[in-house]
Amino acid sequence: MASLALTSASGHVTPPQPGSAGFVLKSRRQQQQRLKGQRCRGGMPAPEPVRQGRKRGLPSCPNPLFLRWLTELRDEAKEKGQKIQFCYQKAISSLNKYPLPLQNAKEAKILQNFGDGICKILDEKLQRYLRENGPNAPIHSLPKGAPPPGRPDNNNMAPSTKKNAAGDKGKDKGGGGGGRKKREYVPQKRSGGHAVLLTLYRQSQIPGSKGYMFKLELQAEAQLLCDKSFSVPDLGSKYTAWSSVSTLIQKNLVIKTHNPARFSLTDEGQILAERLEAAEEGAKDRVETRSEREEEQQEEGGDVPGVVDLTCSDEEEEEEKEDRTHPTERPPCVSQSDGDVDVMSLDAQTSRKRNGGSLLPGNYDIILCVDFIETTGGSSHKKQELVKELQRNGVSFDVRKLNVGDFLWVAREKVAPVPGQLRAPAGRELVLDYIIERKRMDDLCGSIIDGRFREQKFRLKRCGLRRPIYLVEECGTAASHLSLPEATLQQAIVNTQVVDGFFVKRVQDVRESAAYLTIMTRYLTKLYQDRTLICRSRELEGDEAGDEERGSPSCSLISFAEFNHGAIKNKCQTVREVFARQLMQISGLSGDKAAAILEKYSTPYSLLTAYERCTSEAEKEKLLSSIRYGKLKRNLGPALSKTVYQLYCTQGALS
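First things first, this report covers the structure right here in the doc.

The number of helices and strands found in the protein chain is 23 helices and 16 strands. Expressed as a percentage of the 655 residues in the protein chain, the buried residues total 35%. Expressed as a percentage of contacts within the protein chain between residues at least 6 apart in sequence, the contacts between residues at least 24 apart total 66%. Surface summary for the protein chain: the accessible area is close to 41800 Å², and the carbon and sulfur share equals 52%.

The next point concerns the sheet that holds strand S3 (residues 213-214). Strands pair in a sheet through their backbones, by hydrogen bonds, and they do so in one of two ways: parallel or antiparallel. Pairing is antiparallel across the open sheet formed by 3 strands, whose spatial order is S3-S5-S4. The outermost strands of the open sheet, each flanked by one partner alone, are S3 and strand S4 (254-257). By the bridge criterion, 2 bridges tie S3 to strand S5 (residues 262-265) in an arrangement that is antiparallel. Considered in S5, the bridge of Met-213 is made with Phe-263. Each of S3, S4 and S5 touches helix H7 (residues 192-204); the most contacted strand, S5, lies at about 85° to it.

Let us look at the packing of aromatic side chains. Summed over the entire model, instances satisfying the criterion amount to 10 aromatic pairs. Ring geometry for Trp-69 versus Tyr-129: centroids 6.1 Å apart, planes at 70°, classification edge-to-face. Residue Trp-69 is located in helix H2 (residues 64-80), and its partner Tyr-129 is located in helix H4 (residues 116-133); the two are separated by 60 residues in the primary sequence. Among the residues examined, Trp-69 registers a relative accessible area of 5% and is labelled buried. Relative accessible area serves as the criterion here: at 8%, Tyr-129 is assigned to the buried category. Each member of the aromatic cluster is reached from another via a ring pair, and the members are Phe-66, Trp-69 and Tyr-129. Positioned above the aromatic ring of Phe-560 is the side chain of Arg-400, whose terminal nitrogen or guanidinium carbon lies 4.5 Å from the ring centre.

About the cut-offs
- Residues numbered from 1 in each chain as written.
- Predicted model: local features only at pLDDT ≥ 70, side-chain atom pairs only at ≥ 80, totals over all residues.
- Heavy atoms only, no water.
- Helix = DSSP H or I, 4+ residues; strand = E, 2+ residues; numbered from the N terminus.
- Buried < 20%, exposed > 50% of the residue type's maximum accessible area, 1.4 Å probe, protein only.
- Contact = heavy atoms within 4.5 Å.
- Areas by Shrake-Rupley, 256 points an atom, 1.4 Å probe, with all protein chains shown as cover.
- Pairing = 2+ DSSP bridges.
- Axes fitted to C-alpha atoms, helices over the stretch in contact; angles between N-to-C directions.
- Phe/Tyr/Trp six-rings, centres within 6.5 Å; stacked < 30°, edge-to-face > 60°.
- Lys NZ or Arg CZ within 6 Å of the ring centre and 35° of its normal.

The values reported here are purely geometric and, on their own, carry no functional implication.
Right, here's the structure in full:
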């Protein structure tokens, strides 16, 4: 280390000059020695005086103009209840922390919580400000007379948490009176949540009800009480009225259980639904009272006194007089004001209840339903060709998910649009007794190999429709390049028609398939044009298969929702259904044979109990051999009987 003193050329020592490094080090050393001497003498250095008073205030924001505009935007959004208010508040906090002036809003993009939208709004306000005050107007100071934008404490959305002790005690005693009370969730009238709550409540009030509803039946019933569709989203949106069910579940108003899903009301949902139902009944009473009052006024003196219709002509006045003379011929007209129930929709619902579950002639359209699998996936150009052919032929069709079959027809109720609603209410749909399973030769080959062909025929027989049809596309020479011989495929087609009782229609390609669907649609439209369609339950199937051909004025059909729900492949199954599926896995045991076994032994337990009662092995092997099946009432045979016995009674692996 360099010496603190410098030696001159003549040998004299020169002391360090003030301001030099040596002078500073010398001063520090002297100060440390002085402090050490004081400690040795028992003395302590005098404490430095403590600075009293408040903290120094924060500097004002260098961009008060932008801060004022953001505050105005936040307050305006807060008044409207928009959630963007929180975005503006975050931008205000970031701007308050920035110490440098901004020349324009684009420079604010470097700040946190400043996006393109906020910067664009601030730029527009800045351009308007410069046009009004001149291009040289100051942008880093407020105009004269303008209120100050405030500091962060004044711009916070929430109240300050710094309270004095007395204030905190008072708040504790008052039970948190300063906090904002959480508002109760009540769905808007004729919204999805409102309709679901009312539907579940009304269903629970029916004596002997099951206490829950499945999704499809809940959607069908709630659609009458909702303005928005439960299945089709609005334009530009991916949400439907059914999306509100997740909110109801989250609010603990509706509970979802089982698979397939079952929906029911919780205790809280029951209380809220009772209030909504009471409000609906009160609104109906107000409408009825108003209509009665207006009818009394019309009977007493015609129109309401003091109201003159200047647009009414002489002819219209004469018509009004005739209407007063014959009041029964005139439909009741009720004026509708804000908050009242839509009278036209009430009339439509009343007429539906009056007609019961029937559709009168002329009140429905015949629509072809196409499974969405037939229009998407795989060779899409061929599937789109089917759709284009149907459109070219002028067929009214609807693409939807079908749990069984590829094509079927529904009678859709004609519903008049309700004034003030975007879409007309969804009409009821009854399924006609015709269903088509379409098979290409390659698809038929694959389904025979993996066992789907037999299962599909079994499900078609049990779907509840009386006239299943197989539509087989030969596909020209493509059938010669399959893994099964053509003779085997032809034999399977013949067995489907002769043994299983299906109607089989053979076509060459997609164009002929579309032509057949077109002809069938026109045939069914003419067949049902004068029929009264009555809705029946799937369990109450009667012997009415020939009603259409016999010219019966009415026929009973099942609803589409019940049909499609009953045809779910992986729904919850009973022991009897699982037992039937097990039996059908045995080679040579068809659906008719399995049904014959189930008539006598409905569960595996009953079959095993019967085996235990047998005295010998031979009797056990021939237990099922005498069971008759099918229309010809043939015996099941000893071979299948022995196979079933070995399957259920052999210990260990089968040989």
